[in-house]
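What follows is the residue order along each chain.
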Amino acid sequence: MTMKHLVPKTFLIAACLSVGLTAKAEDGSAAWLRYAPIANAKQYETLPAVIVSRGESASERAAAEELRRGLTSMLGRPFTVAKNGRGAAILLTADAHLPSESYRIARNIHGLHIDGSSPAAELYGVFHFLELIASQRPIRDEKTQSPSATIRWTDEWDNLNGTIERGYAGRSIFFDNGHVRADLTRAGEYARLLASVGINGCNVNNVNADLDTLSPEHLREFARIADVFRPWGVKLALSIDLTSPQTIGGLDTFDPVDPKVIAWWQSKAAEIYKLIPDFAGFTVKADSEGRKGPSQYGRTPADAANVLARALKPHGGVVLYRGFVYNNHLDWNDRKADRARAGVDNFVKNDGTFDPNVIIQIKEGPIDFQAREPVSPLFAALHKTNVAIEVQTAQEYTGQQRHMVFLPSMWKWVLDTDLRAPGADGKPRATPVKSIVTGHAFPNADGSARMGGFISVTNVGLDANWLHHPMAMANLYGFGRLAWNPDTPVDEIANTWSTMTWGSDAAVRATVPKMLLGSWQVYEGHTGPNGIGTLTNILGYHFGPGIESAERNGWGQWFRGEKDGIGMDRTSAGTGYIQQYPPELAAKYESLATIPDDLLLFFHHVPYDYRLHSGKTLVQSIYDTHYASALAAAEYVPQWKSLQGRIDPERYTQTLHLFEFQAGHAIVWRDAINQWFAKQSGIPDAMHRVGNDPGRMEAEAVKADGFTPVDVTPWETASGGKAMVCHDAKGCTLTTTVQQPSGKYNVAVQYYDMWSGISRYELLVDGKRVAQWSADDTLPPAQFDAAPDGQTATRFTAQGIALHPGATMTLHAMPDMRSELEHVMPAAEANSQLRPRDYREFAPVDYIVIGPDGDLTPQ
Ligand code: GCU
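- The name that an unreviewed UniProt entry assigns to the protein chain is Xylan alpha-1,2-glucuronidase, with the source organism given as Terriglobus roseus.
- In its Subunit (unreviewed entry) section, UniProt records this for the protein chain: "Homodimer."
- Note on the protein chain: under the UniProt heading Sequence similarities (unreviewed entry), the record states "Belongs to the glycosyl hydrolase 67 family."

As for helix 19 (residues 649–681)
Here is step 1: The end-to-end C-alpha distance of helix 19, which contains 33 residues, comes to 47 Å, matching closely the 48 Å that a straight helix rising 1.5 Å per residue would cover.
Here is step 2: Most of helix 19 sits inside the fold, with 25 of its 33 residues counted as buried.
Here is step 3: Positioned one or two residues after helix 19, G682 has a phi angle of 70°, which is positive.

Details of the side chain of E390
Here is step 1: Turning to its location among the elements, E390 is positioned in strand 14 (residues 386–392).
Here is step 2: If sequence neighbours within four positions are ignored, E390 has contacts with W157, R322, Q361, I362, K363, E364, F369, I455 and V457.

Structural notes on the UniProt feature "domain: Glycosyl hydrolase family 67 catalytic" (unreviewed entry) in the protein chain
Here is step 1: UniProt records the feature "domain: Glycosyl hydrolase family 67 catalytic" (unreviewed entry) at residues 136–466, using the numbering of this structure.
Here is step 2: End-to-end, the C-alpha atoms of residues 136–466 are 26 Å apart, and along that stretch the chain is 25% helix and 15% strand.

Looking at the site of the ligand
Here is step 1: Of all residues adjacent to the ligand, which total 13 residues, the nearest are E165, K285, R322, K363 and E396.
Here is step 2: Within the side chain of R166, a nitrogen or oxygen atom sits 2.9 Å from an oxygen atom of the ligand.
Here is step 3: For the ligand, an oxygen atom lies 2.7 Å from a polar atom in the side chain of R322.
Here is step 4: Across the complex, the protein chains shield 96% of the 310 Å² of accessible surface that the ligand would expose by itself.
Here is step 5: Looking at the shell around the ligand residue by residue, the classes come out as three nonpolar, two polar and eight charged.

A short note on the sheet that holds strand 2 (residues 80–82)
Working definition: the strands of a sheet are paired by backbone hydrogen bonds and lie parallel or antiparallel to each other.
Here is step 1: With respect to topology, five strands assemble into an open sheet ordered 2-1-3-5-4, the strand pairing being mixed. The open sheet has two edge strands, strand 2 and strand 4 (103–108), and neither has a second partner. Ignoring strand direction, the axes of neighbouring strands in this sheet form an average angle of 20°.
Here is step 2: Taken together, the three bridges between strand 1 (residues 50–53) and strand 2 define a ladder with parallel strand orientation. Residue pairing across strands places V50 opposite T80, the latter belonging to strand 2.

What counts as what
- Residues numbered from 1 in each chain as written.
- Predicted model: local features only at pLDDT ≥ 70, side-chain atom pairs only at ≥ 80, totals over all residues.
- Heavy atoms only, no water.
- UniProt positions renumbered as here; feature names shortened; annotations may be inferred.
- Helix = DSSP H or I, 4+ residues; strand = E, 2+ residues; numbered from the N terminus.
- Expected span 1.5 Å × (residues − 1).
- Buried < 20%, exposed > 50% of the residue type's maximum accessible area, 1.4 Å probe, protein only.
- Contact = heavy atoms within 4.5 Å.
- Near = heavy atom within 4 Å.
- Polar contact = N/O pair within 3.5 Å; in protein donor to acceptor, adjacent residues only side chain to side chain.
- Areas by Shrake-Rupley, 256 points an atom, 1.4 Å probe, with all protein chains shown as cover.
- Nonpolar A, V, L, I, M, F, W, Y, C, P; charged D, E, K, R; others polar.
- Pairing = 2+ DSSP bridges.
- Axes fitted to C-alpha atoms, helices over the stretch in contact; angles between N-to-C directions.

Take a look at the structure:
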């Protein structure tokens with residue numbers, strides 16, 4: 001007799017289920033769709049175990065299978081799918097009477113009904129139902145749920161060679177080596193994730209589109225992506241370059257009003273729809289950052305958008321024409337020049353001339369996804385044009401998925417911002433951004449809502465967990481929830497996502513959402529607060545501090561930090577930008593009495609000792625905010641550690657490392673910005689913290705053997721402006737004599753971790769090794785950054801180190817001297833025209849700090 005015969009059947013089912021769940025390491029790939037067994041499955045015991053779905057389409061089959069899989073896993077009993085059912089069942093049905101893309105969940109004597117207006121809507125209903133179970137909410141009849149807007153897309157900035165512009169989670173899931181990947185499993189899984197939060201479109205290629213995108217060969221390949229998206233109701237869209245009729249069509253022009261060009265786009269659209277019948281449409285970046293556009297022929301954005309729109313119209317496609325059109329060669333010396341003005345200046349004159357299937361895709365703020373910007377005035381300036389909002393889940397300026405920043409907090413703030421646009425009677429009325437992008441604030445002539453929507457630049461990659469930082473997935477989830485319903489409270493988003501992602505343990509539920517909900521403020525607080533901009537290196541990777549990179553160049557991300565004061569004067573006496581807002585809001589921003597502190601420097605140039613509404617001077621507030629925020633970032637570490645054992649070890653450990661990194665990098669930010677303000681303003685910190693760091697030993701000031709000093713650029717990204725580097729293959733040492741009283745301490749080493757090399761460090765006390773680590777991180781700036789600076793600054797903290805006065809503390813560093821440049825040089829750079837650089841990592845060290853024992857107290 002085999003073992004099997006001795007085991008009761010119910011036990012076997014439970015065992016299979018749990019093996020199924022635990023056998024696969026939790027690498028994050030399941031995201032919020034883990035379907036972990038819930039604690040109190042009993043409350044759903046009356047839920048029928050048969051799912052009846054008569055639908056034949058791929059989406060209906062996917063919906064039924066998703067429901068089976070999710071319920072079986074979460075409730076620990078088997079559910080089955082049937083074509084017909086006797087007795088009570090969960091019935092998935094199409095109901096053509098429901099509004100477009102809508103679903104309804106209701107109960108009656110036959111069981112539970114999940115009705116959808118379309119197969120995709122059935123999927124939305126199923127995912128919503130599974131979410132209710134995962135968060136252990138009661139099953140009730142719900143009123144019909146409909147999305148707030150038609151366009152709910154992600155944009156992926158993937159290049160055909162497999163790299164991703166501003167992608168921070170590995171290479172493309174769609175492309176490799178100039179082609180669509182042979183294996184599109186991940187692309188299909190991604191579409192499932194998108195569908196689970198109601199996203200219905202995905203643009204897969206970079207807005208800086210490859211000129212070859214629309215070649216017949218590529219189109220045939222793109223059709224394969226559309227095929228794996230289709231079961232999930234996600235439509236494929238493509239970014240295109242306006243010069244295509246010339247570059248791949250062989251015409252002598254791409255002038256949008258030229259009949260040859262018009263005909264070319266028409267036949268190209270027909271070719272696309274033959275391959276991809278449900279193709280969603282084009283996204284267009286033109287006349288921006290080096291992309292050619294209609295201005296070359298004296299044509300307008302409407303001329304360009306409409307030629308595409310008319311070609312797509314017979315097939316049902318749309319054009320997302322990006323409002324991100326500006327001149328990146330502005331004159332720094334012109335006090336009236338202002339990049340923020342560009343959106344309204346470029347588009348408002350064409351209001352009313354765009355075809356009905358054109359949507360202007362407007363970034364949330366007038367500059368570029370900074371830690372905080374006011375909302376773009378273009379939302380309120382176009383009254384006869386469809387508009388959609390573009391946000392960025394890819395954390396380009398918000399820590400690049402190495403920092404936790406819960407962006408739905410920011411997006412909700414944007415969506416709720418009331419622009420107070422005048423109505424027909426000329427009086428200001430409630431026009432929050434959400435009412436504009438959902439097409440209600442400025443309806444069509446017949447009173448119906450305009451087409452509008454939500455786009456998230458997302459840039460998932462091949463990293464198992466899609467976005468690298470497990471917490472970053474809350475942003476993708478939250479984007480979908482807000483696009484479906486912009487009135488969804490952010491704490492509801494944080495709670496539900498956390499429970500689905502990390503489980504329903506009470507301590508986890510109490511901790512994770514709280515960490516998320518404060519995180520935007522924390523990041524803003526240790527980077528660029530008061531509306532100044534993130535203060536990152538805008539010329540490079542937009543990751544670490546690089547304050548003055550924003551000034552004195554044509555990019556127009558200026559904050560004009562001068563002797564007399566700081567901030568862009570955008571009042572009517574300045575660039576006049578404020579006047580682009582409707583009068584009531586303009587008046588609020590124009591006056592120092594009413595401008596909110598968190599937007600002050602975006603709009604006004606004020607002295608450093610200007611007194612904020614908070615009662616503090618600007619500069620003191622900068623200092624205080626940076627200390628408080630770096631401390632808050634450091635506290636993520638003990639907060640997270642308190643959850644050890646309540647979360648699976650793989651994801652726990654990965655997330656812990658990220659929080660440890662963030663704690664160290666927040667100190668780099670804090671010190672860079674505070675030192676810069678102290679120098680610039682000449683006003684010391686009233687609390688005597690800035691420039692006075694107890695227990696800190698500059699590497700260049702202690703006894704060094706083999707190390708040589710280097711200047712770090714920009715100066716504020718190294719303590720004292722200098723670091724030490726080791727060019728000796730045998731290694732170098734820094735030695736100091738401990739002054740502190742006997743006890744346990746944290747010893748932190750601030751060093752620079754380049755992408756390429758792996759330097760090794762060890763810390764010794766009286767000749768005995770107490771800690772060792774390798775500088776093996778691959779920080780986001782990745783391949784192109786080989787310098788010690790704000791992007792690579794990293795901290796290692798050894799905790800609980802016993803010291804006594806007179807002890808010798810030694811840092812021993814081994815550089816990575818591998819000189820096979822090709823080996824470490826990324827292929828992309830090796831093949832490019834770029835000058836080969838030295839990719840060796842010379843074990844750079846900034847400082848060592850001895851501080852109180854405990855969890856990463858910032859020093
Ligand atoms: C930012 C980003 C670019 C991107 C551009 C855009 O400037 O850094 O990589 O191409 O936005 O949105 O078009």
